[in-house]
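# Residue-level structure breakdown
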Amino acid sequence: MNETARYALIVLFSSAVGLIAVLASRLTERVKIPVPLLVLVGAALAVRAVPAVQQPSERTVERVLTIALVLVLFNGGMHIGPARFRAAAGPILSVGVLGTALTAAGAALMLHYACGIGWFASVLVATAVAPTDPAVVFSVLGKREISGRSSTILEGESGANDPVGISLMASLIAAGGLSAAGFASVGTRFVLQMAIGGAVGVIGGRLLLVFMRRVALPSEGLYPLRTLASALMLYGIATLAHGSGFLAVFVAGIVIGDARAPYKPEIKRFHAALAGLAEIVAFTVLGLTVDLRVLAHANVWIPGLVLGVGLTALIRPLAVSACLVRAQLERNERAFILFAGLKGAVPILLGEFLRVAHIAEAERLYGIVVVVVVFSVLVQGSSVPGVARLLRLPMRTVETQPWEIGVRLADEPHGVHRFTVASGSAAQGCTVEGLGDQVGDIWVSIVVRTTGLVPVRGDTELQAGDEVVVLADPELHDTLADLFGPS
């Protein structure tokens, strides 16, 4: 087979995997097995069964996964936005930073004392499996969306602990072992990376927002490409400055998340689709690196299974509960956060770091990480919907809305406010005319209900879940927000 045919086969295989992954999302609504696991297993089987499909080099894997993670984190930050982040900033930072460190410490103790693995290797594997991936949780929930702060905390935790885990792993590998001097070096490097990454993210996000709002482009299709290029630039700048590029892009995404800018809906849809594609690519590439023969060894799958069970039933619940002591959460929300710390692509990426650095017994350690991730995604992931129902978490079904109406304006509109009527809010049950009596000079222009558009008249009564577009003085925004928000 010549090189052209080999490359065509790779393209064919990659596109087929992507198409199957997209279609498999319908399957996961029934069987509750996340798409990432199906892609991971499929790629691992393909590299064994199809001779033309070869395992990528370690550097190629690292570079592809780095770009994929940048895209996922940037989109995750935009999805959270500053308003949701502020509402749960304390728990997010506590669980994402301190919780990750405590989880890694507990996992290292279990690996050393229960599995007989050396201290340095135990710490490396524990650091790899500490980060979480809420995308796996939300993929098995399908069209159901969790209300309240628990979903925000899970998303924010992952966005925070991914950079934390990556920085810790890089620092540990650079230290080369466990010692007092090594711990001092790891701590100093970690704090420096977090500080620089956070600063680049805040400053870069604000500059990007100004860039988005003030610099017009000749074509609509260029606007999402500009934010993509800017996110990649922020990663590069932070990394070259010895900071965490992953934290920088996550923070930048948060900064621009809620802000109004030209073609913002198109930008958000573009990055959401790109993040979904990046996740599929990441698990495909990771699947190609998995050697099923290594996973079959007892000194790999037994420690991996012990650690997976320990993380689910003991280590994460204890570590995260300590971080949520002062968080004002309902008991069912707290319990769900303790359970739903699923693993995803980042632990396997960190395991790949061990192979790139040629750590002793790297293949075995990498296999243990893979077993933990597979256990987490398969056992924990498939249990998430049942646990959510058992805990009676407030959830709503989100139906797809393929049809859209809107208008294009040459200049930014002022005084346009968009709200969702919260259950129990003052706006619920109020008529359009009644809103004007309470607030003053406003004009309700559009009301969207699950059944479709609602004719707007003075006696139109608003219901919980209605999306309402209001024209009013910008100074009335906070008053309107209180009216539509939960009481």
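In what follows, the accompanying structure is described.

Rules behind the numbers
Residues numbered from 1 in each chain as written. Predicted model: local features only at pLDDT ≥ 70, side-chain atom pairs only at ≥ 80, totals over all residues. Heavy atoms only, no water. Helix = DSSP H or I, 4+ residues; strand = E, 2+ residues; numbered from the N terminus. Buried < 20%, exposed > 50% of the residue type's maximum accessible area, 1.4 Å probe, protein only. Contact = heavy atoms within 4.5 Å. Phe/Tyr/Trp six-rings, centres within 6.5 Å; stacked < 30°, edge-to-face > 60°. Pairing = 2+ DSSP bridges. Axes fitted to C-alpha atoms, helices over the stretch in contact; angles between N-to-C directions. Expected span 1.5 Å × (residues − 1). Salt bridge = Lys/Arg side-chain N within 4 Å of Asp/Glu carboxyl O. Core = buried A, V, L, I, M, F, W, Y, C linked by side-chain atoms within 4.5 Å.

### Some points on the overall build of the protein
- Secondary structure assignment for the protein yields 18 helices and 6 strands.
- Taking all 487 residues of the protein together, the buried fraction comes to 50%.
- Sequence-distant contacts, at least 24 apart, represent 80% of the contacts inside the protein between residues at least 6 apart.

### Concerning the packing of aromatic side chains
- Considering all chains together, one arrives at 4 aromatic pairs under this definition.
- Summarising the aromatic geometry, the rings of Y113 and W119 are spaced 5.6 Å apart at their centres and angled 85° between planes, so their arrangement reads as edge-to-face.
- The exposed category is assigned to Y113, whose relative accessible area is 61%.
- Of the residues examined, W119 reaches a relative accessible area of 36% and is grouped as partly exposed.
- Each ring, one from Y223 and one from Y263, has its centre 4.5 Å from the other, and the planes form 45°; the classification is tilted. Separated by 40 residues along the polypeptide, Y223 in helix α9 (residues 222–240) and Y263 in the loop between α10 (245–257) and α11 (264–289) bring together distant segments of the chain.

### Some words on the sheet that holds strand β4 (residues 442–449)
- One open sheet accounts for 4 strands, arranged β3-β6-β4-β5; its pairing is antiparallel. Pairing within the sheet leaves two strands with one partner each, and these edge strands are β3 (416–420) and β5 (452–453).
- Contacts between helix α18 (residues 477–484) and the sheet are confined to β3 and β6 (467–472), with β3 contributing the most and set at about 15° to the helix.

### Section: α9
- Between its first and last C-alpha atoms α9 spans 27 Å; for 19 residues at 1.5 Å apiece the expected length is 27 Å, and the two agree.
- Listed as buried for α9 are Y223, P224, R226, T227, L228, S230, A231, L234, Y235 and A238.

### Topic: the pattern of salt bridges
- Per the counting criterion, the structure on display carries 11 salt bridges.
- Ionic pairing is found between E361 and R364, a salt bridge with its closest N-O pair at 3.7 Å.
- You can call R364 buried: its relative accessible area is 18%.
- Between D459 and R457 there is a salt bridge, with its nearest N and O atoms 3.5 Å apart. Taken as a pair, D459 and R457 share a single burial class, namely exposed.

### Some details on the pairing of β4
- Here 6 bridges tie β4 to β6, and the two strands are oriented antiparallel to one another. Pairing of I446 across the sheet is with V469, part of β6.
- In sequence, β4 turns back onto β5 through a hairpin of 2 residues.

### A few points about unusual backbone geometry
- Non-glycine residue E361 carries a positive phi angle of around 60°.
- Positionally, E361 belongs in the loop between α15 (345–356) and α16 (362–390).
- Positive phi, close to 55°, is recorded for R392, a residue that is not glycine.
- Position of R392 relative to the elements: it lies in the loop between α16 and β2 (395–397).

### Some details on the nonpolar core
- In this structure, F74, L286 and L307 are the most contacted members of the largest nonpolar core, which totals 87 residues.
- Sort the elements by how many residues they give to this core and helix α3 (residues 58–87) lands first, with 10 residues.
- Residues contacting L307, with those up to four places away along its chain left out, are A107, M110, L111, V125, V129, I315 and V372.
- Listed in part, the 21 residues of the second largest apolar core include L154, V387, A388 and L393.

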